[in-house]
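One-letter residues, chain by chain:
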Amino acid sequence: MSDKEIAISIEELCVMKMTRSNDNNSNVVDTSELQLSAEESSSIAGIDELANAGKGTEAPVQTDKPKIQKVPMVLRDNKHFKKFYEPRAVPIGPIHHKDEKLKLAQQYKPRLAAQFIKESGQTTTDLYQKIKKEMKALKLFFDPEVIKDYKEEELSWMLFLDGCSTLQFMYGVVHKKMREYNIKSDQVAFAQQDLFLLENQIPFKVLTLLIDSSIANKEKLKESIKSFLQRNVMAPPHMLASIEIDIDKEDPTHLLELLQKVAVSRSTKDDESSKQESFRNVQELKAAGIKLKPSENWSQRKIDFTSRCFKGCLELPPLVVDDSTEPKLLNMIAYEMCPDNFRTDYEVSSYVGFLDSLIDHSNDVKELRSAKILYNLLGSDEEVAELFNEIGTDLVTCPSFYRTVKEKIQGHYDNKGKTWMAEAYNTHFSSPWTILAFLGALIALVLTFVQTWYAINPPSENARK
């Protein structure tokens, strides 16, 4: 071959290599040429915005109050509990407003609202304007999902009517005027429970706007709210007068939050517990020499334990258990578990969890009832035990609550000397009959000892003379 032919061959070879290289690269997708949908572009922009703001790896700080919303799905999935989250008599607010089975109860609202307006010294238009002007702020109290199907005028009239009727209802219950309003006692009982359902709420600000606009009976309305909450805080009657509620200082989202605040007194949390309690129920505590005693305070936070010698004393706040107890507790727990409730310390959840740790069987309820800690108006002790066992299932509690009490109980429980002395006391001195039996056995033992002594050491002849 000539030199020229070789040169041409090399050039051709280079061209061939470049061609192959281009062919291989043609299989690689150029992402810059992809067309993104509007939805994809919006999602990418949202992530970029978070990343640029420095929030991509940090949880947002929650400062707002939890909104009026539906019960978290993790609780609603429990078929047994579902009935306790839905109103049975009267719908309040937007979530159950269009429920067909509650239409009959809607007829009472205009009557109660008319009575409220009559006693307020204001006109219907003046009071409605107070709500209408604040609608922008009032809508912020709701999860947007629960009000998306309502026009503003529809929502404002709903809040006005529900606010007036709710205030007049509480006033009527406290002052025993419901018969004058032609509302039967059974309807009143169900309506009271409905007012404390998480999904059956309106902003508390609606109530305060109406109260402040009422010229004639502003203070009476505030007192009626206090009395109404005292009746529903699940404390025994003799403690109701000691429950203090300052409507002017509190700033709750809704009525259920105010009940939750009243039920659990404000106090600082304990530190995390380093011990895991091994006691299971009241029966085991009793066997370890721990007796039960009702505390003098109604607050669910006021649980205390003292240990002296071989005996201990666990003080618990008295609790009335009736048909309304389960829905109240469940809805306060649901409020604490709302996804946007970052301010909660799970106070009610922790209280119910503590009671659940003490109650396994009906005998545990019997001991709590005998100690005047539980006032059982529900039915059998077995029903009460089942109530707390069911609520306590999958309950989220704050581990640091009641830490000091739990550690004191565990310390007493782990002390074998105290436990053995308590067992001996319970065996031989728990009742007059066991005491008599113990004394009889002791006397028999002494006589046997004396008889044996004289048999071994008979008296001498001189001693007989």
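Remember, predicted model here, so these are calculated numbers, not experimental data.

All right, on to the packing of aromatic side chains then. According to the stated counting rule, one finds seven aromatic pairs in the structure shown. Summarising the aromatic geometry, the rings of Phe169 and Phe228 are spaced 6.3 Å apart at their centres and angled 75 degrees between planes, so their arrangement reads as edge-to-face. Of the two residues, Phe169 sits in helix H9 (residues 152-174) while Phe228 sits in helix H12 (residues 218-231), which places them 59 residues apart along the sequence. Phe228 matches Phe169 in its accessibility class, with the two residues each being buried. Note on Phe196 and Phe228: the rings are 5.8 Å apart at their centroids and 20 degrees apart in plane angle, and the pair reads as stacked. Taken as a pair, Phe196 in the loop between helix H10 (185-194) and helix H11 (204-213) and Phe228 in helix H12 lie far apart in primary sequence, 32 residues in all. For the pair Phe196 and Phe228, one class covers both residues: buried. Three or more aromatic residues link up through ring pairs in this structure, and these residues are Tyr128, Trp157 and Phe160. For Lys98, the ring lying beneath its charged end belongs to Tyr150, and the centroid distance is 4.6 Å. Here Arg301 stacks its cationic end above the ring of Tyr402, 5.8 Å away from the centre of that ring.

It is worth spelling out the nonpolar core at this point. Side chains of a nonpolar character, in soluble globular proteins, are inclined to be buried together. Counting 112 residues, the largest nonpolar core has Ile131, Leu159, Phe169, Leu210, Leu314, Val352 and Phe388 as its most contacted members. Take this core: its biggest share by element is twelve residues, from H9.

Looking at where Arg301 falls in the secondary structure, it is placed in the loop between strand S1 (290-294) and strand S2 (304-308). Look at Arg301 and you get buried, because its relative accessible area is 13%. Spatially, the C-alpha atoms of Arg301 and Tyr402 are 8.1 Å apart, while their sequence positions differ by 101 residues.

Turning our eyes to something else, we now look at the sheet that holds S2. One open sheet holds the three strands; their spatial order is S1-S3-S2, and the pairing between them is mixed. Looking at the sheet topology across the chains shown, the edges are occupied by S1 and S2. If you compare each strand with its neighbour and ignore which way they point, the axes differ by 20 degrees on average. Sheet analysis places S2 next to strand S3 (residues 311-316), joined by five bridges and oriented antiparallel. Paired with Ser307 across the two strands is Gly312, which belongs to S3. Sheet contacts for helix H19 (residues 403-414): S1, S2 and S3; angle to S2, the most-contacted strand, approximately 30 degrees.

What follows covers a negative patch on the surface. Side chains of Asp323, Glu382, Glu383, Glu386 and Glu390 sit close together on the surface and give a patch of like negative charge. Inspection of the secondary structure puts Glu390 in helix H18 (residues 381-391).

Following the sequence through the fold, Asn281 ends up in the loop between helix H13 (255-263) and helix H14 (282-287). Between the alpha carbons of Asn281 and Asp356 there is a distance of 8.4 Å; along the sequence they are 75 residues apart. Polar contacts involving the side chain of Asn281 include one to the main-chain amide nitrogen of Gln283, which spans 3.2 Å.

Looking now at a nonpolar patch on the surface. A contiguous nonpolar patch, built from Leu442, Leu445, Val446, Phe449, Val450 and Trp453 and spanning about 610 Å² of accessible area, is present on the exposed surface. Relative to the assigned elements, Leu442 resides in helix H21 (residues 432-456). On the basis of relative accessible area, Leu442 is assigned to the partly exposed category, the value being 39%.

We now examine the pattern of salt bridges. Enumeration over the complete set of coordinates arrives at 14 salt bridges. A salt bridge links Lys261 to Glu257; the nearest nitrogen and oxygen atoms lie 3.6 Å apart. Of the two residues, Lys261 and Glu257 both sit in helix H13, four residues apart, roughly one turn of that helix. The class for Glu257 is buried, based on a relative accessible area of 1%.

With five bridges joining them, S1 and S3 adopt parallel strand pairing. Considered in S3, the bridge of Leu292 is made with Leu314.

Moving on: H10. Looking only at H10, the buried set comprises Val188, Ala191, Gln192, Gln193 and Asp194. In this structure, the buried side of H10 is in contact with H9, H12 and helix H15 (325-336).

On to the environment of Lys372. As for its placement among the helices and strands, Lys372 is situated in the loop between helix H17 (362-370) and strand S5 (374-376). The exposure class of Lys372 is exposed, given its relative accessible area of 54%. Between the alpha carbons of Lys372 and Leu319 there is a distance of 8.8 Å; along the sequence they are 53 residues apart. When near neighbours in sequence (up to four residues on either side) are disregarded, Lys372 contacts Pro294 and Pro318.

What counts, and at which threshold
Residues numbered from 1 in each chain as written. Predicted model: local features only at pLDDT ≥ 70, side-chain atom pairs only at ≥ 80, totals over all residues. Heavy atoms only, no water. Phe/Tyr/Trp six-rings, centres within 6.5 Å; stacked < 30°, edge-to-face > 60°. Helix = DSSP H or I, 4+ residues; strand = E, 2+ residues; numbered from the N terminus. Buried < 20%, exposed > 50% of the residue type's maximum accessible area, 1.4 Å probe, protein only. Lys NZ or Arg CZ within 6 Å of the ring centre and 35° of its normal. Core = buried A, V, L, I, M, F, W, Y, C linked by side-chain atoms within 4.5 Å. Pairing = 2+ DSSP bridges. Axes fitted to C-alpha atoms, helices over the stretch in contact; angles between N-to-C directions. Contact = heavy atoms within 4.5 Å. Patch = residues over 30% accessible without salt bridge, like charges linked within 9 Å, V, L, I, M, F, W, Y side chains within 5 Å. Areas by Shrake-Rupley, 256 points an atom, 1.4 Å probe, with all protein chains shown as cover. Salt bridge = Lys/Arg side-chain N within 4 Å of Asp/Glu carboxyl O. Lys, Arg positive; Asp, Glu negative; His and termini not counted. Charge placed at Lys NZ, Arg CZ, Asp CG, Glu CD. Polar contact = N/O pair within 3.5 Å; in protein donor to acceptor, adjacent residues only side chain to side chain.

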